[in-house]
Amino acid sequence: MFSYVYSIGILAHLFIIFYICKELKKTKPNLNIFSLNITAFCFSIMDWLEKHMLPCPSKQLFHIECPGCGSQRSLLELLRGNILESIKIYPALMPIAFLMVFAFLHLKFDFKNGATIIKWTMLFCAVIILISYIYKIFINHKIF
């Protein structure tokens, strides 16, 4: 369910940030107010993301986690700065983020061995996802 309170809060923070940026051009910046508004805006976005996470259809229908379960929670922990907790929840998030950034940069700048690096990184991500899924299903939940 979409919460209008959070969307209004996000829009209000956006308005404040744009207003402050406009005022920064005119006068010397007051960085304390600016950083406070940026921090409040980031926390309101993270709170909104936490309240609107997508449910896993596999977990709802079959009561078994899919290989992607935990990626949203891991991303939220990474955005909060909890890197170790993010890796514990979903170990493949950091390599996938590297893959996405590198693929974008490769499309933009066309690196010499970019395609090879992308292939090996994809294979590395797949292995990490497979190992963490096996650990999550068979060892952590003790199904068998």
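Computed from a predicted model, the values in this text were never measured in an experiment. (Residues numbered from 1 in each chain as written. Predicted model: local features only at pLDDT ≥ 70, side-chain atom pairs only at ≥ 80, totals over all residues. Heavy atoms only, no water.)

1. Notes on the overall build of the protein chain
Scanning the protein chain from N- to C-terminus turns up seven helices and zero strands. The buried share among the 144 residues of the protein chain stands at 23%. A total of about 11000 Å² of accessible surface is found on the protein chain, and carbon and sulfur atoms cover 73% of it. (Helix = DSSP H or I, 4+ residues; strand = E, 2+ residues; numbered from the N terminus. Buried < 20%, exposed > 50% of the residue type's maximum accessible area, 1.4 Å probe, protein only. Areas by Shrake-Rupley, 256 points an atom, 1.4 Å probe, with all protein chains shown as cover.)

2. Some thoughts on the packing of aromatic side chains
Within a pair of aromatic rings, the relevant descriptors are the distance that separates the centres and the angle that separates the planes. Tallied over the entire structure, the rule returns three aromatic pairs. Ring centres of F109 and F111 lie 6.4 Å apart, and the angle between their planes is 40°; on these two criteria the pair is classed as tilted. With relative accessibility at 55%, the residue F109 sits in the exposed group. Clustering of aromatic rings is evident, with ring pairs tying together F98, F102, F109 and F111. (Phe/Tyr/Trp six-rings, centres within 6.5 Å; stacked < 30°, edge-to-face > 60°.)

3. Quick notes on the pattern of salt bridges
Taken as a whole, this structure holds five salt bridges when the rule is applied. The partner of E65 in a salt bridge is K59, with the nearest N and O atoms 3.1 Å apart. Using a relative accessible area of 13% as the deciding quantity, one classes E65 as buried. Judged by its relative accessible area of 40%, K59 is partly exposed. Taking the shortest distance from any N to any O, the salt bridge between E65 and K136 comes out at 3.6 Å. Separated by 71 residues along the polypeptide, E65 in the loop between α3 (57–62) and α4 (71–80) and K136 in helix α7 (residues 114–140) bring together distant segments of the chain. Taken as a pair, E65 and K136 share a single burial class, namely buried. Sharing partners across several salt bridges, the network here consists of E50, E77 and R80. (Salt bridge = Lys/Arg side-chain N within 4 Å of Asp/Glu carboxyl O.)

4. Looking at unusual backbone geometry
Non-glycine residue H63 carries a positive phi angle of around 60°. Along the chain, H63 falls in the loop between α3 and α4. Here the phi dihedral of D110 falls at roughly 55°; this positive angle occurs in a residue that is not glycine. Among the residues examined, D110 registers a relative accessible area of 58% and is labelled exposed.

5. Digging into the confidence of the model for the protein chain
Per-chain confidence: the protein chain averages 80 in pLDDT, with 70% of residues scoring 70 or above. Across the protein chain, helix α6 (residues 93–109) holds the top mean pLDDT of 94, while helix α1 (residues 4–26) sits lowest at 56. (pLDDT = per-residue confidence, 0-100.)

6. Some points on α7
The end-to-end C-alpha distance of α7, which contains 27 residues, comes to 36 Å, matching closely the 39 Å that a straight helix rising 1.5 Å per residue would cover. Residues G114, I118, T121, C125, I128, S132, K136 and I137 constitute the buried set of α7. Contacts made by the buried residues of α7 are with α6. (Expected span 1.5 Å × (residues − 1). Contact = heavy atoms within 4.5 Å.)

7. Concerning the state of the cysteines
Under the criterion given, the structure shown has zero disulfides. This cysteine, C66, is not joined by any disulfide, and C56 carries the nearest cysteine sulfur, 3.5 Å off. In this structure C66 comes out as partly exposed when scored by relative accessible area, which is 21%. (Disulfide = S-S within 2.5 Å.)

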